[in-house]
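Architecture and fold: a report
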Amino acid sequence: GDTGSIGAYAFANKKGIVVSTQVTEKEQEEIKKHFNLPVTLDNINLENPFIHSGIIANSTGICLGTLTSGIEVNNILEGLGFL
């Protein structure tokens with residue numbers, strides 16, 4: 001994203017990182033290289049780019065916003081290593 005607030009556009013645990021579809025390819029590569037974790041591209045709560053606004057998780061459990069679509073849930077669960 002161009003707001004300078006990458007933390008709002010991403011969520012990470014020990015198994016992976018989910019970033020918004022607004023995060024550029026260059027930013028994704030930097031994140032992947034810095035954290036040495038797989039990066040998954042998705043949004044939350046029906047295309048909300050602010051991933052961090054709709055997720056609470058660690059490596060053993062997760063809560064997602066009620067508007068999160070089935071496809072988003074699946075991508076997030078995979079991206080954070082729950083599937």
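Small disclaimer: the values here were computed from a predicted structure and weren't measured.

Thresholds, definitions, all that
Along each chain, the written sequence defines residue order, and numbers are assigned to residues from 1. For a predicted model such as this one, the threshold for reporting local features is a pLDDT of at least 70, and the threshold for listing and counting side-chain atom pairs is 80 or more; totals across whole chains, interfaces and linings nevertheless cover every residue. In computing side-chain properties, one takes all heavy atoms of the structure into account and sets aside hydrogens as well as water. Basic side-chain nitrogens of Lys or Arg form a salt bridge, by our definition, when they fall within 4 Å of a carboxyl oxygen of Asp or Glu. By the criteria applied, helices consist of DSSP H or I runs no shorter than four residues and strands consist of E runs no shorter than two, each listed in order from the N terminus. Any residue under 20% of the maximum accessible area for its type is buried, any over 50% is exposed, and the rest in between are partly exposed; the area is computed with a 1.4 Å probe on protein chains only. When DSSP finds at least two bridges between two strands, those strands are taken to pair. Fitted lines through C-alpha atoms give the axes, limited to the stretch in contact for helices. The angle between two N-to-C directions lies from 0 to 180 degrees. Stacked, edge-to-face and tilted labels apply to pairs of Phe, Tyr and Trp rings (six-membered ring for Trp) whose centres lie within 6.5 Å, assigned for plane angles under 30 degrees, over 60, and everything in between, in that order.

A few words on the pattern of salt bridges. If you walk through the whole model with that rule in mind, you get 1 salt bridge. A salt bridge links K32 to E29, with the nearest nitrogen and oxygen atoms 3.6 Å apart. Of this pair, K32 and E29 both sit in helix α1 (residues 25–35), 3 residues apart, which is roughly one turn of the helix. Judged by relative accessible area, E29 falls into the partly exposed class, the value being 43%.

Our focus in this paragraph is the sheet that holds strand β1 (residues 10–12). Spatially, 3 strands are ordered β1-β2-β3 in an open sheet, and the strand pairing comes out mixed. Each of the sheet's edge strands pairs with one partner strand only, and the pair in question is β1 and β3 (39–41). Between one strand axis and the next, the sheet turns by 20° as a mean value, whatever way the strands run. Looking at chain direction, β1 and strand β2 (residues 17–19) are connected through 3 bridges and run antiparallel. Bridge pairing in β2 links A12 to I17.

Attention shifts here to the packing of aromatic side chains. Counting across every chain of the model gives 1 aromatic pair. Centre to centre, the rings of Y9 and F50 are 5.0 Å apart; their planes meet at 35°, and the pair counts as tilted. One end of the pair, Y9, is in the segment before β1; the other, F50, is in the loop between β3 and β4 (55–57), with 41 residues separating them in the sequence. Judged by its relative accessible area of 3%, Y9 falls in the buried class.

All we've got here are geometric facts, nothing functional implied.
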